[in-house]
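For reference, the chains in residue letters:
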Amino acid sequence: MAGFDKVVASYEEAMAGLEDNMTVIAGGFGLCGIAENLIAEIKRKGTKGLTVVSNNCGVDNFGLGILLPERQIKKIVASYVGENAEFERQMMAGELEVELTPQGTLAEKMRAGGAGIPAFFTATGYGTPVAEGKEEREFDGRMYIMEESIKGDFAIVKAWKADRYGNLVFRKTARNFNPMAATAGKVTVVEVEEIVEPGELSPDDIHTPGIYVDRLIQGSFEKRIEQRTVRSSEQ
Amino acid sequence: MALSREQIAMRVAQELQDGYYVNLGIGIPTLVANYVPDGMEVMLQSENGLLGMGQFPTEDELDADMINAGKQTVTAITGASIFDSAESFAMIRGGHVDLTVLGAFEVDVNGNIASYMIPGKLIKGMGGAMDLVAGADNIIVTMTHASKHGDSKLLPACTLPLTGKGCIKKVLTDLAFIEIKDSKFHLLERAPGVYVEEIVKLTAGELVVPEHVPEMSF
C-alpha cells in the first residue's frame, strides 16, 4: 500500500489480524447491504468467541447466520433477530448471548462510538427492560436513559463504489448501518462492487470519507433477497 | 360488526393530512397506505433509511438494494430520499415524523404500550418500535380490542414488558376509537353496529363513555 491507497489484494489480507474474542461491527439491514464476502472470510478463518454488533444476524445459510453453526459468535448486539433456526436454538439453549438494542439506539451507539462520544441520553427505552441498570436523568421534564457508545476491533462494511482512497458511495437502502459501522471500527474493512481511481467520484457525492477506511477490496455479490415482493406490471 | 383489518386501516387513513410524513408499522398499519384520500400527498418513512416509499416493484424493477423495514423489496416515489440509519432515527427520535401507526399486544390507561416481547416465547426484538413510540408525538396504535379468548388488550396496567412508557394517546381497535388521557380510556367512536356495552365489557381499564358515542363513518 502506498499513501492513501487502501486496496488490498485478497480477502485473507482484508481480514488479517482478526482474532478470537474480538468485537466486530457489521453494516447491513436484514440481508441488504451486508459484507457477504467478508463474513465468508471470517467463517473460513474460523475465528471464535466474537461479539458481533449488527442490526440483524442473517438467515440460516447466508450473511452472519453462516457464523453460527461453528459457534463463532459468542454474543450479538442487535435490534431484531430470530430469522433463522440455528440462532433460535443457540439462544434458547443459552449458548449465544443476545443483547437486544432498539434500532435507533444501535445506530446512534455506532455513530457516537466513531465520533468520540462515550455515551448519550435518549428517551428510547425509558421505563422498559432496555433501561435496566442504566442511568436515568430528567431533561426539560422528560426522562431519558444513558446509553454507552460502541467501538469495534473490526468493522465490516459493504458499499457500492469506492475510489482507491476509500471514499465510499452507497447504493439505495443498502446504505443503512454501513456509514456508522465504517466510523466505529479500529480496523474498518470495506468491500465494494467497483473500485475507481481517485477523482472519478465527485467530492460532493462521497457518503463516507476515506479517513474512516483502512482496507478496501472489490468483490462479487450474491445480494440475496429476504422478502421478494413484486406487483404485476399491469397494476 | 367488528371492523375488518382493511376497515381499521381506512379509519386510520382518515387521520392523515396533506403533507404528512408517516411511519407505518408492519401488519395492519401497512394497509393504511392503500387508503390515502384522493388528492392528498403523504410520504411514507421506512426506518431502514427511505423517505418516500412507493409500491412493490415489478419484476423488471426488482432491486436487492431497495427494501423497506419489513425487508420487502419496494420502490421509491418521485421526491424520495435515502439516508443512513442514524439519520433515519434522528428524524424519528427528533419528532419530525407527523404520524406513526403501529400495532401492539397491550395498551394501558397510562399510555404504556407492550408490543415486542412475550416472555417464554421466542424473543425477536423490538426493531425500531421503541424509538418510534419514544420519538413521536402523534401515534395511533391499531390492534384488536380483545384476544381470541375475549381477554381485553386495553388494561389498567400492561402485563407484558413495555415498549414505551406513557407515550400512547390514541388507539383504534376493531370495535372502537379510543383516546387516552388523565389515566383513563375515553370512548370517542364505535365501529358501525357495535354496542357501547360490548366495548365496555371488553375494556379492562377504566373507560369514560360520553352520553353520545358516534358511529364511525367510512
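Placed above this text is the structure.
Just so we're clear, the structure is a prediction, and the values are computed from it rather than from any experiment. (Residues numbered from 1 in each chain as written. Chains lettered and ligands numbered in written order. Predicted model: local features only at pLDDT ≥ 70, side-chain atom pairs only at ≥ 80, totals over all residues. Heavy atoms only, no water.)

1. Side note on the packing of aromatic side chains
Heads up, the condition is: Planes of paired rings set the category: under 30 degrees apart is stacked, over 60 is edge-to-face and the rest tilted, where pairs are Phe, Tyr or Trp rings (Trp by its six-membered ring) whose centres lie within 6.5 Å. Runs of E in the DSSP output that reach at least two residues are strands. Runs of H or I that reach at least four are helices, and both are numbered from the N terminus. Put simply, a charge is over a ring when the Lys NZ or the Arg CZ is close to the ring centre, within 6 Å, and near the line of the ring normal, within 35 degrees.
Under the defined criterion, the tally for this structure stands at three aromatic pairs over all chains. Each ring, one from F121(A) and one from F139(A), has its centre 5.3 Å from the other, and the planes form 65°; the classification is edge-to-face. Highlighted residues: F121(A) in strand β5 (residues 119–122) and F139(A) in strand β6 (residues 136–139), separated in sequence by 18 residues. Judged by centre distance (5.6 Å) and plane angle (75°), the ring pair of F139(A) and Y144(A) falls under edge-to-face. Put simply, the rings of F121(A), F139(A) and Y144(A) pair up and form one aromatic cluster. The aromatic ring of F221(A) is capped on one face by K158(A), whose charged end is 4.8 Å from the ring centroid. Positioned over the ring face of F29(A) is K71(B), at 5.4 Å from the centre of the ring.

2. Looking at the interface of chain A and chain B
This is how it is decided: Contacts: residue pairs with any heavy atoms within 4.5 Å of one another. Throughout, buried area stands for the accessible area (probe radius 1.4 Å) lost by two parts on being put together, summed over both. A carboxyl oxygen of Asp or Glu within 4 Å of a side-chain nitrogen of Lys or Arg is what we treat as a salt bridge. We call two N or O atoms a polar contact when they sit within 3.5 Å, provided that within protein one can donate a hydrogen and the other can accept it, with sequence-adjacent residues counted only if both atoms are side-chain atoms.
Each side of the interface is counted separately: chain A has 51 residues, and chain B has 46 residues. The contact between chain A and chain B buries some 4,100 Å² in all, and 59% of this surface belongs to carbon and sulfur atoms. Considering only the surface of chain A that becomes buried against chain B, T173(A), T229(A) and R231(A) emerge as the three largest contributors, covering 17% of it. Of the charged contacts in the structure, one is a salt bridge between R171(A) and D65(B), with a shortest N-O distance of 2.8 Å. Put simply, chain A and chain B have 27 residue pairs in polar contact (both at pLDDT 80 or more) between them. Secondary-structure elements contributing two or more residues to the side of chain A that touches chain B are α3 (85–92), α4 (103–114) and α5 (178–183) of chain A.

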